[in-house]
Amino acid sequence: GNKKTTHMENPQGKKSQHAEEAVFYMNCRAAYLSVFKSSLENIKSKEQLSLVLQQAGRNPSQKTINKYWTSQTTSLNFDDFCAILKEEKPATKNELLEAFQKIDTDKAGYILHDELCKILTTRGDKMTWEEVTSIIKQADFNCSGKLDYNKFCELYLSTSEQCCRAARDRLDTDPRLRQQHFGNQTENSPQGITLPVSKPSPGLSRKTHHKLAKGDSRAPSRPSSAPSSKASSSTTVTVGAGSSTKLIIEPDTMKEWQCAQSRGCFYLEEDGEIISHKFKMHLPQRSALCITIKPSSIPQAEGKSCHWLSVDTALFILKENETQENLQLVSFTELQNKEMFGWRGELGAGVYWLLPFTTGCRLRKVKTQIPEEAQLVWRDEDGELALTQEFQAALLDIFDMIDLDGNGLLSLEEYNFFELRTSGEKCDQQAWAVCKENFEMKKNELTRQGFLDLNLMEASDQDGDPWDLWVTLLSLGYNKALEMTEACPFVIDIYAERCKPRIKAISLEAGGSQLSRAVCSSVLNKGETKVLDNSGNIFIHTYTSGSRVTSVIENKSENRVIIHVNNEQSKNCINNRGLTVFAVEVAPKSMMVSQHVMALNEQEEWIYSCVHSLV
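Since the model is a prediction, treat every value here as computed from it, not as a measurement.

(A) Structural detail: the overall build of the protein chain. Scanning the protein chain from terminus to terminus reveals 16 helices and 26 strands. In the protein chain, which comprises 615 residues, the proportion classed as buried is 49%. For the protein chain, restricting intrachain contacts to residue pairs at least 6 apart in sequence, the fraction spanning at least 24 positions comes to 73%.

(B) Fine view of the nonpolar core. One finds Met 281, Leu 289, Ile 291, Leu 354, Ile 398, Phe 451 and Ile 492 to be the most contacted residues of the largest nonpolar core, which totals 68 residues. Of all the elements, helix H11 (residues 389-402) adds the most residues to this core, at 7 residues. Both domain 3 (268-363 + 497-510) and domain 4 (377-484) contribute no fewer than three residues apiece to this core. Ignoring anything within four residues of it in the chain, the contact list for Leu 354 reads Lys 278, Phe 279, Met 281, Leu 315, Phe 316, Ile 317, Ile 492, Ile 494 and Ile 503. Core analysis: the second largest hydrophobic core is formed by 41 residues, Ala 31, Leu 76, Ala 583 and Val 597 among them.

(C) Structural context of the UniProt feature "domain: EF-hand" (unreviewed entry) in the protein chain. Per the UniProt record, "domain: EF-hand" (unreviewed entry) is found at residues 91-126, 127-162 and 390-425. Taken end to end, residues 390-425 comprises 67% helix and 0% strand; its first and last C-alpha atoms sit 27 Å apart.

(D) Broad picture of the packing of helix H12 (residues 412-422) against helix H15 (residues 467-475). For the pair H12 and H15, the least separation of the axes is 9 Å and the interaxial angle reads 105°. The angle between the axes of H12 and H15 places the two elements in the roughly perpendicular class. Along its contact with H12, which presents Phe 418, Arg 421 and Thr 422, the element H15 presents Val 471, Thr 472 and Ser 475. Classifying every residue of the contact of H12 with H15 gives 2 nonpolar, 3 polar and 1 charged.

(E) The confidence of the model for the protein chain, seen in detail. Of all residues in the protein chain, 81% have pLDDT values of 70 or greater, and the mean over the chain is 81. Contacts from residues 175-191, a stretch scored under 50 in pLDDT, to residues over four places away or in other chains number 74 contacts. Here residues 197-229 is modelled with pLDDT under 50, and outside its nearest four sequence neighbours on either side it reaches 32 contacts, counting other chains as well.

(F) View of the pairing of strand S7 (residues 287-295). Within S7, 8 of the 9 residues are buried, which leaves the element mostly enclosed by the surrounding structure. Sheet topology note: the S7/strand S11 (residues 340-347) ladder contains 7 bridges and is antiparallel. The residue of S11 that forms the bridge with Ile 291 is Trp 343. Two elements, S7 and strand S17 (residues 487-496), share 7 bridges in a ladder whose sense is antiparallel. By the bridge assignment for S17, Pro 295 is matched with Phe 490.

(G) Structural context of the sheet that holds strand S22 (residues 561-566). Strand order in this open sheet of 4 strands is S4-S26-S22-S24, and the pairing throughout is antiparallel. At either end of the open sheet lies a strand with only one pairing partner, and these are strand S4 (232-239) and strand S24 (581-586). Averaged over all pairs of adjacent strands, the angle between their axes in this sheet comes to 20°, without regard to strand direction. Where S22 and S24 come together, 6 bridges link them in antiparallel fashion. Within S24, the residue paired with Asn 566 across the bridge is Val 581.

(H) Highlighting the packing of aromatic side chains. Summed over the entire model, instances satisfying the criterion amount to 15 aromatic pairs. Seen from their ring centres, Tyr 32 and Phe 78 are 5.0 Å apart, and the 80° between their planes marks the pair as edge-to-face. Taken together, the positions of Tyr 32 in helix H1 (residues 16-35) and Phe 78 in helix H4 (residues 78-87) put the pair 46 residues apart, joining distant regions of the chain. For the ring pair Phe 78 and Phe 81, a centre distance of 6.4 Å and an interplane angle of 40° mean the geometry is tilted. Placement of both Phe 78 and Phe 81 in helix H4 is noted, with a separation of 3 residues, approximately one turn of the helix. Classification of Phe 81 as buried rests on a relative accessible area of 0%. What links up through ring pairs into an aromatic cluster is the set Phe 399, Tyr 415, Phe 418, Trp 432 and Phe 451. Across the ring face of Tyr 352, the terminal group of Lys 319 is positioned such that the distance to the ring centre comes to 5.3 Å.

(I) Structural detail: the packing of helix H2 (residues 46-55) against H4. Two elements in contact, H2 and H4, have axes separated by 11 Å at closest approach and are oriented at 60°. Looking at the two axes, H2 sits oblique to H4. Helix-helix and strand crossings are classified by hand; for H2 and H4 the assignment is right-handed. Two secondary-structure elements touch here, H2 through Leu 49, Val 52 and Leu 53 and H4 through Phe 81, Ile 84 and Leu 85.

(J) Expanded view of the pattern of salt bridges. With the rule as written, the count across this model stands at 19 salt bridges. One salt bridge in this structure joins Asp 79 and Arg 577, with 2.5 Å as the shortest N-O distance. Here Asp 79 is found in helix H4, whereas its partner Arg 577 is found in the loop between strand S23 (573-575) and S24, with 498 residues between them in sequence. The class of Asp 79 is partly exposed, set by a relative accessible area of 22%. The exposure class of Arg 577 is buried, given its relative accessible area of 15%. A single salt-bridge network, built from bridges that share partners, covers Arg 286, Glu 346, Glu 497 and Arg 498.

(K) A look at the state of the cysteines. Applying the stated criterion across every chain, the model contains 0 disulfides. Here Cys 28 stays unpaired: no disulfide links it, and the sulfur of Cys 82, its closest cysteine neighbor, is 3.9 Å away. The closest cysteine sulfur to the non-disulfide-bonded Cys 259 is located on Cys 290, 9.6 Å from its own sulfur. Residue Cys 259 is classed as partly exposed on the basis of its relative accessible area, which comes to 29%.

(L) The arrangement of helix H5 (residues 93-103) in detail. All of the buried residues in H5 are Leu 96, Leu 97 and Phe 100. The buried residues of H5 all sit within an arc of 95° when viewed along its axis, so they share a single face. Exposed positions of H5 whose direction lies more than 90 degrees from the buried face are Asn 94 and Lys 102.

(M) Molecular detail of unusual backbone geometry. If you check the backbone angles, Asp 463 has positive phi at about 55° while not being a glycine. Relative to the assigned elements, Asp 463 resides in the loop between helix H14 (448-461) and H15. Positive phi is not limited to glycine here, since Lys 589 has a value of about 55°. Mapping Lys 589 onto the fold places it in the loop between S24 and strand S25 (590-599). Assessed through its relative accessible area of 35%, Lys 589 is described here as partly exposed.

(N) Broad picture of H4. Among all positions in H4, only Phe 78, Asp 80, Phe 81, Cys 82, Ile 84 and Leu 85 are buried. N-cap assignment for H4: the residue whose side-chain oxygen lies 3.0 Å from the backbone N of Asp 79 is Asn 77.

So, how was this worked out
Residues numbered from 1 in each chain as written. Predicted model: local features only at pLDDT ≥ 70, side-chain atom pairs only at ≥ 80, totals over all residues. Heavy atoms only, no water. Helix = DSSP H or I, 4+ residues; strand = E, 2+ residues; numbered from the N terminus. Buried < 20%, exposed > 50% of the residue type's maximum accessible area, 1.4 Å probe, protein only. Contact = heavy atoms within 4.5 Å. Core = buried A, V, L, I, M, F, W, Y, C linked by side-chain atoms within 4.5 Å. Domains from an automatic or database assignment. UniProt positions renumbered as here; feature names shortened; annotations may be inferred. Axes fitted to C-alpha atoms, helices over the stretch in contact; angles between N-to-C directions. Parallel < 35°, antiparallel > 145°, perpendicular 65-115°, else oblique. Nonpolar A, V, L, I, M, F, W, Y, C, P; charged D, E, K, R; others polar. pLDDT = per-residue confidence, 0-100. Pairing = 2+ DSSP bridges. Phe/Tyr/Trp six-rings, centres within 6.5 Å; stacked < 30°, edge-to-face > 60°. Lys NZ or Arg CZ within 6 Å of the ring centre and 35° of its normal. Left-handed = near helix turned anticlockwise from the far one by under 90°. Salt bridge = Lys/Arg side-chain N within 4 Å of Asp/Glu carboxyl O. Disulfide = S-S within 2.5 Å. Arc of directions from axis to C-beta. Polar contact = N/O pair within 3.5 Å; in protein donor to acceptor, adjacent residues only side chain to side chain.

As structure tokens, this is what we get:
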């Protein structure tokens, strides 16, 4: 693609959509900082989530809280909170009136005191008599013990608005909050990635000095003792339609190389976090290698809409050391051929970690209208329970996803990744022996038919109730129409010239600090660097390929910094945060990903134009 780098002032004149986003973000921040001292703090409990949602003018039910705080949730960050507020819109007066009118069948405009008490204490999120009494004292009951619910709706909405306004007022009047707590949470790491104490490498120093010499840092035009304008840096990159970086060219001798392959999958959690399989690669001797990753098509899904095939994938290759605490980044897959990403080079003998990565730009929570829930089971003429054809096809897709070595059978190890994902438990050797007695196996591995029969037995145990089956399907990324929308299966291929490589899945979990550190390091190593502040302590690193742009903020100072990020001038772009304008708070001596950006429509030119400003 044609890539340009320019510097410009923070653009003036905001479109109404962007203005609305700015107001939305301000309200999010105000509500969050009404409960927490900093946006770097995480929500640690359901009670805190409920409280901070109330500060944002929401009145979440227990069902809503459970939707975002599942049994696997340990914490939610500020980004998660913003995403929840986008999903959970405040109730409108019409919606409230419709709810009351379902109770008021006579359309009198009133509800009796006793009737309201009965409803609130017996239905939905049941309230106590004390809680109901507290509401009644504030509500507008007339002498006859009737509630004018039209006035009550007005009271409810005004109270909600007062709550939001109070939060905004606190933010506006408290300089500590306004100046110091502007930002977002870091990605997968509350404190960002801590920087080493050692001096920057000579390569980085040369790059930094080169930028300074070209005037990329906005040095003040007046003495430093005078008030200075807000430091900012702008980056613009234009990428042509369908661009890719360097193509993977397989050598003629590749067919003579030895190959190892493994499947894996990205799964989208309820809170928006992405987890995946992690792998170890064993090389018995030094060899030239070609390592690739791409979304994998599933045979049974042919003819259907395969959303995951457009999801970006990457692999980070890390060298294992004795402690395994700080794996050394070797490289990552930046070569590209359509949906395949790869790396070519030479590695010495040893054990390497392969960490799959996706930006989250295309694997994200999307609300879709499901016209009709798919049927999973049915009964034949004899009353015997059976799986529907549609459900069987989905189960065969799932079988291919979890058959990591692709041999057409499920080992106990492969099956346990499935069990951990769907139930959180493992199947031990004794339970596996019971499976062997009841379901078809070959060489102590479960066959496709055995897997289908296992799910039929689960349905039979529940007398045809599909609830447990749906729990399994939803945890694997399927929606109620049996479409896989929140998962992305992938396949990794390793070609070695001089030896037989081995690859093995070792866990199924979030990338964590190791992946975050690898992503940041790759951007620092391969990207362009700009100095943001006048003291030379804050840097914006930008890595650009034909498919994505990733920016990393590096804070070498002793203080937390707040960076405002503005993407208003970008065209045909999506980012992993889902916000055009946002802010991030970067801890001292740390670095963090600011954002990942990709083309919204790959068939058209896209322009990444971002202004990072120091607040």
